[in-house]
Structures are given as structure tokens and as C-alpha cells.
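One-letter residues, chain by chain:
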Amino acid sequence: MTDTDANDERAKAELLRYLQQARDALLWKLEGLGEYDVRRPLTPTGTNLLGLVKHASGVELGYFGDTFSRPYFADREPPPWWYTRAAEPNDDMWATPAESRADVTGLYRAAWEHTDATVAALPLDATGRVPWWPAERAEVTLHHVLVRVIADTQRHAGHADIVRELLDGSVGESPSGSTVPPDDEATWAAHRARLEQAAREAGAA
């Protein structure tokens, strides 16, 4: 293995580590919740936990599959929400009653395997074409796609963190650790009241 190859592999490992952290966070936010709560829309635009996982599955399968001529659905029927078939713009952002939690999370884990295989098979400077982008900017490298998908998945992990807090007050980035100080409910209530007062004073100025 040349020095260039070794550097490529180290970079891949680091990028995949950050992607996996976001993947794990998304799935962890479903734990301990019933079917209603994992599907329940908590924002005016319908953001919900299971929908975020479903969307993240499509992102990985599209960017690391079709973009690099490694389509996941090459030998199987794509789901109705797949980008080539979707009837509505947000079809991939929510789960129908017919789609079980196991279906959605299982596809996400399959997407991880497909992504990881693509990353293992290609150098970071390998080029592909994003089929749903305008032709003049559709050509991308594997490195570009990895960075883009990490950013997208981390963003949605943040959405999931807030949605879960709205559901039952649970916070944190992983089961083993959190960047949130471990204060009790009364302390957080006082903190929130202080922020509310500060916001009101600033708004009245």
C-alpha cells in the first residue's frame, strides 16, 4: 500500500466514524417510544423521528448507490417513496401505517452496509453523477459526497434530539454520554424562565 493509499484509508475511516455517530444517534432517539410517538409530527412542517430515519436511508442509498452506479434497488422493486417514483415531495419524510418501524430501521441499517461497501470499493477521488442534480453540477467525488451526507445526517440527528426532547424531555447525543449538564427538572425550569425573561427584556428594548 502506498502512502497515498494509506492516507486515503485513514481519511475514509475518520469520515465514516462521524457518519456512524450520527446514524447511531438517529436510531437511538427511537428507543423507548411507542408507535404513535415515533411517527408523531412535532413541528408545523411535520418533522417526526421515524420519518427522519426513513429520509436518511434514502439519502445514503441514493448518494452512495445511484451516484456511483451501484444502485441498491438494481435487482429489487424500489419503494413507492423512492425519488424516481415519489408522488409527493415529502414522501420520504414520514412512515405510512403499513410501514413498520422494523421496515424503516432495517432499511437504514442496510443502507449503512451499502454505503460502507461503496466507500471501501472506491478511492476518495472517484467520480460519480448525482442523477437528481442539474447536469452542469452533477459530477461529484466520493469525498464530496461523504462530507455532504455527514453534514446532512448530523443535521437530522439534531432535529431528532429536539423532537425527542419535546416528546418526553430526553436529551443527549448518545446513551453513554451527553453534553447537557445533569440538572434536575426544577433547575431546568428556572433556567428556562431566566432565558424567557432575558428574551422579553431584549424584545422590549
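To be clear, the structure that these remarks concern was listed above.
Residues numbered from 1 in each chain as written. Predicted model: local features only at pLDDT ≥ 70, side-chain atom pairs only at ≥ 80, totals over all residues. Heavy atoms only, no water.

Novice: Got a sec to walk through the packing of helix α1 (residues 3-28) against helix α4 (residues 101-121)? Specific residues and values, please.
Specialist: Packed helices, taken two at a time, are described by their axes: the angle between them and the distance between them. Where α1 contacts α4, the two axes come as close as 12 Å, and the packing angle between them is 175°. By the angle between their axes, α1 is roughly antiparallel relative to α4. Contacts between α1 and α4 pair Lys-12, Leu-16, Leu-19, Gln-20, Arg-23, Asp-24, Leu-26 and Leu-27 from the former with Thr-105, Tyr-108, Arg-109, Trp-112, Thr-115, Asp-116, Val-119 and Ala-120 from the latter. Taken together, the residues of the contact of α1 with α4 break down into eight nonpolar, three polar and five charged. (Axes fitted to C-alpha atoms, helices over the stretch in contact; angles between N-to-C directions. Helix = DSSP H or I, 4+ residues; strand = E, 2+ residues; numbered from the N terminus. Parallel < 35°, antiparallel > 145°, perpendicular 65-115°, else oblique. Contact = heavy atoms within 4.5 Å. Nonpolar A, V, L, I, M, F, W, Y, C, P; charged D, E, K, R; others polar.)

Novice: Please provide a residue-by-residue account of the nonpolar core, values included.
Specialist: The biggest cluster of nonpolar side chains holds 19 residues, and the ones touching the most others in it are Leu-26, Leu-27, Leu-30, Leu-49, Leu-50, Val-53 and Tyr-108. Of all the secondary structure elements, the ones that give two or more residues to this core are α1, α3 (49-63), α4 and α5 (142-168). In terms of residues, this core owes the most to one element, α3, which gives five residues. In contact with Tyr-108, other than residues within four places in its own chain, are Arg-23, Leu-26, Leu-27, Val-53, Ala-56, Ser-57, Glu-60 and Thr-153. (Core = buried A, V, L, I, M, F, W, Y, C linked by side-chain atoms within 4.5 Å. Buried < 20%, exposed > 50% of the residue type's maximum accessible area, 1.4 Å probe, protein only.)

Novice: Describe the pattern of salt bridges, with residues and values.
Specialist: Following the criterion strictly, the structure yields 13 salt bridges and no others. Its salt-bridge partner being Lys-12, residue Glu-9 comes within 3.4 Å of it at the nearest N-O pair. Of this pair, Glu-9 and Lys-12 are both found in helix α1, three residues apart, which corresponds to roughly one turn of the helix. Glu-9 sits in the partly exposed class, given a relative accessible area of 37%. One salt bridge in this structure joins Glu-139 and Arg-129, with 3.9 Å as the shortest N-O distance. On the criterion of sequence distance, the pair formed by Glu-139 in strand β2 (residues 139-141) and Arg-129 in strand β1 (residues 127-129) is long-range, its members being ten residues apart. By sharing partners, the salt bridges in this structure join Arg-23, Glu-60 and Asp-116 into a single network. (Salt bridge = Lys/Arg side-chain N within 4 Å of Asp/Glu carboxyl O.)

Novice: An account of unusual backbone geometry is requested, with residue identities and associated values reported.
Specialist: Even without glycine at this site, Ser-69 takes up a positive phi of about 55°. Residue placement: Ser-69 occurs in the loop between α3 and α4. Ser-69 sits in the exposed class, given a relative accessible area of 66%.

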